[in-house]
Amino acid sequence: MNVIIHIGPPKTGTSAIQKWLKDNTALLLQHGIYYPQHNEDSNGISSGNFLSVFEPFEDDFQVSPSRLNMLLSQAKAENCHTVLLSSEYFFSRLKPVVDAIASVKCIAYVRNPAELHESHYNQSVKRHGNIEQIRKAESLPMHTIKVLGEHAQLLSERLILRAYHEQLFVGGNIVADFVDALALNDDIIAAIGDVKIVNRSYCLEALEVKRWFNAYELGDLGNRLDRTLQAYDNGITAFSFVDRDQYNDYKRQSVRWIERLNEQVPFENAKALIELVREQQHKPFFRQTLTAEQCNEVLNFIASQDGDLLKRLAFCVYGQPSVKDTAPFTQCIFDLVPPRQALPSLNNYIVSCLKSKRNTTTREPNVLIDNYTNHKEFRFYAQQLLQSRVNLWAYWNAFRYSR
């Protein structure tokens, strides 16, 4: 049984590849390739097939022989000659997999590290709660390239590297290029057509609004906010938070590292990728700040797409006064959603308390904070209401001060 693992790395179209593979398992079976089904979240994001091989162990994960044997048995039952797996989590945990499957082959993509630097930052805001502005790095982080080099030493010719750049993709998109790496016939590549964008990037304004909301404990509202902001397309889509001089220095560093990797493990289109990196133009530079008008436009878009979401987000802001108010965001949301609109109905409040398994906010309740002035009394009682217990006295006072 052949085993091929797509290991990413992160920010190289993994979500789009996994979405296509998951939706086309029957087609893959016709060509003798078994791709196990896996769950995905409401945004279409998934850990892929990681748990088809690994199992929880203490505070980490370990390769599971039983899961691996079950996987091979399922592929054999489907009369397949190849097991195909995909997960970015394999990228940082490849050694135990290689130890367990000596003949495993891996597919990975090489992306311009200068692009990766900002892409990783944007993803940290979008999906991992980062509230900080991007930091200037004198030496560009090269962890991904270094790990690819380590994997090349581990796998030798069993590591297939591909250039990640839209001008170099076979078939014009990342999915068609990946299918080409699997050596499937050209008819399948031609039939792929347009690929659904998964994990869509934010425009500048949406990214900054999300960074502001990250300062608050939002619970399950975070996923709803992410889905909504991905659909906002009325802002600045071509932007960089790195100035031109710094970007040009990053490009020089990127070229050197890609050249070193290609010397270590020559890969298809490496020289073309290096030239594209050299020629790549710097996107317009913007500072990480928004005007009140820009902020209001994003917040009004959220209201138009999911009015209940904006009200719940506003209540989180009201109810967490220990987070420092930030201009113009705080005032914009207070103007757009006054206290009476943000306060949930009594019925909804009680239902949410009964459903809640933990506190919405981890910050100390029942404490007056000196760093806020707007709607002070309402925010004091809203803070208490964000606790999971039912507090009718606090609700009455919040209602009283919400006028």
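Look up a bit, the structure's there.
What you are looking at is a predicted structure, and each value in this text was computed from that prediction instead of being measured. (Residues numbered from 1 in each chain as written. Predicted model: local features only at pLDDT ≥ 70, side-chain atom pairs only at ≥ 80, totals over all residues. Heavy atoms only, no water.)

## Digging into the side chain of K251
1) Next: Along the polypeptide, K251 turns up in helix α12 (residues 244-264).
2) Next: Although K251 is buried, it makes no salt bridge; E279 carries the closest opposite charge, 8.9 Å away.
3) Next: Within the local environment of K251, its side chain forms a polar contact with the backbone oxygen of R278, the two atoms lying 3.0 Å apart.
4) Next: Those residues in contact with K251 that sit more than four places away from it in its chain are A114, V277, R278, E279 and Q280. (Helix = DSSP H or I, 4+ residues; strand = E, 2+ residues; numbered from the N terminus. Buried < 20%, exposed > 50% of the residue type's maximum accessible area, 1.4 Å probe, protein only. Lys, Arg positive; Asp, Glu negative; His and termini not counted. Salt bridge = Lys/Arg side-chain N within 4 Å of Asp/Glu carboxyl O. Polar contact = N/O pair within 3.5 Å; in protein donor to acceptor, adjacent residues only side chain to side chain. Contact = heavy atoms within 4.5 Å.)

## Digging into the pattern of salt bridges
A pair can form between side chains of opposite charge whenever their charged atoms are brought close.
1) Next: The full count for this structure, using the stated rule, is 16 salt bridges.
2) Next: Shared partners join several salt bridges into a network, and the residues in it are R162, D177, D180 and E268.

## Section: the environment of L168
1) Next: Along the chain, the position of L168 falls in the loop between β7 (159-163) and α8 (174-181).
2) Next: The exposure class assigned to L168 is buried, which follows from its relative accessible area of 15%.
3) Next: It is 7.7 Å that separates the C-alpha atoms of L168 and L273, two residues lying 105 residues apart in sequence.
4) Next: With residues up to four places along the chain from it excluded, the contact list for L168 reads A163, D177, N269, A272, L273 and L276.

## Details of the sheet that holds strand β2 (residues 33-34)
1) Next: Taken together, five strands build an open sheet; the order of strands is β2-β5-β1-β6-β7 and the sheet is parallel. Across the chains shown, the open sheet's two edge strands, defined by having one partner strand only, are β2 and β7.
2) Next: When strand β6 (residues 105-110) meets β7, the two strands line up parallel, connected through five bridges. Pairing of C106 across the sheet is with L159, part of β7.
3) Next: Helix α4 (residues 65-77) contacts β1 (2-6), β2 and β5 (82-86) of the sheet and is inclined by roughly 130° relative to β5. (Pairing = 2+ DSSP bridges. Axes fitted to C-alpha atoms, helices over the stretch in contact; angles between N-to-C directions.)

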